[in-house]
Amino acid sequence: MNKVLIELDRVCFSYPDSRGQRGAPVLREVSFSVHRGEFICVVGPNGGGKSTLLKLLLGLERPDTGTVRLFGDEPELSCPRIGYLPQNPQFDPLFPVTVLDVVLMGRLKAGLLPGHYRAADREAARHALAAVSMVDSAAKNFAELSGGQRQRVLIARMIATEPELLLLDEPTSHLDIQAERELYELLHRLNERLTIMLVSHDLMIVSGFVDRVMCVKGSVDIHDTQDVSEKLVGELYGGDMRLVVHTGHEHDHGGRD
Amino acid sequence: MGVFLADLAKYEFLQHALAAGVLAGVACGIVGTWVVTRRITYLAGGIAHAVLGGVGVARYLQKVHGLEWLDPLYGALAAAMASALLIGWVSLRAREREDTLISAMWAVGMAVGLVFISRTPGYGEDLMNYLFGNILLVGKSDLWLLAGLDVAVLMVVIGYYNRLAAVSFDPEFAGLRGVNIAFFQLLLLCVVALSVVLLISVVGIVLVIALLAIPAAIAGRFTRRLWSMMALASLLGVAFTTGGLALSYAPGLPAGATTILLAAGVYLLLQLPAALRGRTSRGD
């Protein structure tokens, strides 16, 4: 149970500028480890490196120095075991796919051999749709769905890949409050068997089911959820302090009452 | 129409033309679906026009230098593949503006073709046939080649349907699942190139884009999955090429142009109700 899933050791990263030179560092000397079964909420100001951190974990970017290990391996080799939900996924609204088609894409095989989905793949896709309460919409056109429904279908696609680790990049940014709450409850259920790292733009999420909060602001600090104080929030967000402290208060009230 | 049916029984060239139309119709529906959903009609147009370069060079070598085996169709295939791979490679590697490159390729291909065709005896007639197609000139050997191309296109699209769909819909996700995106992007462009060559013998270089776009565009209005869109677009493609041939035959109209006008007419008719509805609802 206490197995280490993610391990970063003194990772530094910077994006290349227009001339291909390394620019200002986005992440400096980042070291941490995440254990199996944890639910980690990643917070921090815009430009602090939250999305970059996820890209490093997915192997979409490589660190300048330091090492990234997932499941004890290079990120590129671990990709099939990760479910990833990008921030603002863009889709052509006219592309002809049904909800079931989209979820089935989670069952794609690597390699160049021609092949089709099998009955087991359809079964897995239906299970995944059931987990997000979208079975009834299986035959609907993906483009017809609302933002919240689409988000759930994309999560079903992620579940269909049978991942061990979920990485979600601000999954609630386009959802209304109701859809947001449903999403968190779904993630809470999934957390019973999966490890989750969720990037969030607010601290509302920091409630009962998050184990640790990861603050990304160039450097990375991890705190146990109960230690997240207003002082910390202020340090983290600086100028945005009032707004965030306010939401933090709301949360605190909700937690105590 | 009566004349067409009577002559169809009598003349082999007409039977060949009909068969070529059917083969091309199938390809245009299948490949057109990908071209339309991926929004690469401009790229398909670029490949079609670049083909003239290959045709011109092959025709020149065949006529002037006596390379009898070098059918212009081979030249067309080579040019189509080369331009598809060039565009695909550039769009994968460099952050070049793709449409600029396609435009350049479009014009350069035509320029090369014109220069070589002008150096070849029989200049004018040849050029017209390549630009606007002449389905009545399709011979038996051409038919076999067309059938072969059709089979190749079908095999690729059926065998790799899921991965082509995934790469088209969400390449980032497909890539993270270990699907080789570059391979499938290039494969799809090669399939487009193959079918462009197939269609050129029926409607010619200039009209190819319409035959790729219109049947798929119509089918897209009535279907919501890729495979059903492909099936309906293929049926429509066959109907348009056959109908175009039949309608053009008795009055002696160019078959390619008639096919396109038929397809465009059907497309417009189907758009009309929606357009009218839109107008009245805005007027209210």
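This is a predicted model, so every value here is computed, not measured.

Give a detailed account of the overall build of chain A, specifying residues and quantitative values.
Within chain A one finds 8 helices and 9 strands. Across the 257 residues of chain A, 50% fall into the buried class. A separation threshold of at least 6 residues defines the contact pool for chain A, and within that pool the share at least 24 residues apart is 67%. Counting only carbon and sulfur atoms, one obtains 50% of the accessible surface of chain A, whose full area is about 12,600 Å².

Tell me what's going on with the overall build of chain B, and back it up with residues and numbers.
Per the secondary structure count, chain B includes 12 helices and 0 strands. Counting from the amino terminus, chain B carries its helices and strands in the arrangement α-α-α-α-α-α-α-α-α-α-α-α. Against the 2.2 N^0.38 benchmark of 19 Å for 284 residues, chain B shows a C-alpha radius of gyration of 19 Å, consistent with a compact globule. Viewed in the frame of its principal axes, chain B has a C-alpha envelope of about 50 × 45 × 40 Å. Counting the 284 residues in chain B, one finds 51% classified as buried. A separation threshold of at least 6 residues defines the contact pool for chain B, and within that pool the share at least 24 residues apart is 74%.

Mind laying out the sheet that holds strand 3 (residues 39-43) of chain A, listing which residues take part and the relevant values?
Residues and elements named next belong to chain A. As summarised here, the arrangement of the 6 strands in space is 5-6-7-3-8-9, forming an open sheet in which the pairing is mixed. Across the chains shown, the open sheet's two edge strands, defined by having one partner strand only, are strand 5 (82-85) and strand 9 (219-224). Between one strand and the next, the sheet's axes are offset by a mean angle of 15°, whatever the strand orientation. In terms of strand pairing, strand 8 (residues 212-217) meets strand 9 through 6 bridges, oriented antiparallel.

Hey, could you go over the nonpolar core for me, with residue numbers and the actual values?
Across soluble globular proteins, nonpolar side chains have a tendency to be buried as a group. By size, the foremost hydrophobic cluster in this structure holds 126 residues, and its most contacted members are Phe142(A), Ile155(A), Leu187(A), Leu190(A), Trp34(B), Ile47(B) and Val196(B). For this core, the element with the highest residue contribution is helix 10 (residues 181-222) of chain B, accounting for 20 residues. With residues near it in sequence (within four places) discarded, Ile47(B) still touches Ala80(B), Ser83(B), Ala84(B), Met105(B), Leu189(B), Val192(B), Ala193(B) and Val196(B).

Quick one: what's the story with the interface of chain B and chain A, residue by residue and with numbers?
Listed as interface residues are 27 residues of chain B and, on the opposing side, 35 residues of chain A. Between chain B and chain A lies a buried interface of about 2,900 Å² when both sides are counted; carbon and sulfur atoms form 59% of it. Area buried by chain B at its contact with chain A is led by Phe169(B), Arg177(B) and Arg224(B), which between them contribute 29% of it. Across the contact surface, chain B and chain A share 3 salt bridges. With a closest N to O distance of 2.4 Å, Arg225(B) and Asp101(A) form a salt bridge.

Describe the sheet that holds strand 1 (residues 4-16) of chain A, naming the residues involved and giving the relevant values.
All names here are of chain A. What the 3 strands build is an open sheet, ordered 2-1-4; its pairing is antiparallel. Strand pairing shows two members of the sheet lacking a second neighbour, strand 2 (22-35) and strand 4 (65-70), which therefore form its edges. Across the sheet, the mean angle from the axis of one strand to that of its neighbour is 20°, orientation sign disregarded. Of the strand pairs in this sheet, strand 1 and strand 2 are connected by 8 bridges, and their pairing is antiparallel. The residue of strand 2 that forms the bridge with Ser-14 is Pro-25. The strands touched by helix 1 (residues 50-58) are strand 1, strand 2 and strand 4; relative to strand 1, the strand with the most contacts, the crossing angle is about 115°.

Can you lay out helix 5 (residues 147-160) of chain A for me, pointing to particular residues and giving the numbers?
Residue and element names in this part refer to chain A. With 14 residues, helix 5 extends 20 Å from end C-alpha to end C-alpha; this agrees with the ideal 20 Å at 1.5 Å per step. Judged by how many residues are buried, helix 5 sits mostly within the fold: 10 of 14 residues are covered. Immediately beyond the C-terminal end of helix 5, within one or two residues, lies Glu-162, with a positive phi of roughly 50°.

Quick rundown of a nonpolar patch on the surface? Include the residues and the values.
Residue and element names in this part refer to chain B. Nonpolar side chains collect at one region of the surface, where Tyr-11, Phe-13 and Leu-136 lie side by side and expose about 240 Å² of accessible area between them. In this structure, Leu-136 sits in the loop between helix 6 (123-132) and helix 7 (140-159). A residue is classified by how much of its surface remains accessible, and Leu-136, at 32% relative accessible area, is partly exposed.

Tell me what's going on with the environment of Leu194(B), and back it up with residues and numbers.
All names here are of chain B. Following the sequence through the fold, Leu-194 ends up in helix 10. When the C-alpha positions of Leu-194 and Val-31 are compared, they lie 9.5 Å apart, and in sequence the two are 163 residues distant. With residues up to four places along the chain from it excluded, the contact list for Leu-194 reads Leu-77, Met-81, Leu-149, Ala-152 and Val-153.

Report on the confidence of the model for chain A, specifying residues and quantitative values.
Of the residues in chain A, 84% reach a pLDDT of 70 or more, and the chain-wide mean stands at 82. Per-element confidence in chain A is highest for helix 3 (residues 99-104) of chain A, whose mean pLDDT is 95, and lowest for helix 8 (residues 241-256) of chain A, whose mean pLDDT is 37.

What counts and what doesn't
Residues numbered from 1 in each chain as written. Chains lettered and ligands numbered in written order. Predicted model: local features only at pLDDT ≥ 70, side-chain atom pairs only at ≥ 80, totals over all residues. Heavy atoms only, no water. Helix = DSSP H or I, 4+ residues; strand = E, 2+ residues; numbered from the N terminus. Buried < 20%, exposed > 50% of the residue type's maximum accessible area, 1.4 Å probe, protein only. Contact = heavy atoms within 4.5 Å. Areas by Shrake-Rupley, 256 points an atom, 1.4 Å probe, with all protein chains shown as cover. Rg over C-alpha atoms; globule rule 2.2 N^0.38 Å. Pairing = 2+ DSSP bridges. Axes fitted to C-alpha atoms, helices over the stretch in contact; angles between N-to-C directions. Core = buried A, V, L, I, M, F, W, Y, C linked by side-chain atoms within 4.5 Å. Buried area = accessible area lost by both parts, 1.4 Å probe. Salt bridge = Lys/Arg side-chain N within 4 Å of Asp/Glu carboxyl O. Expected span 1.5 Å × (residues − 1). Patch = residues over 30% accessible without salt bridge, like charges linked within 9 Å, V, L, I, M, F, W, Y side chains within 5 Å. pLDDT = per-residue confidence, 0-100.

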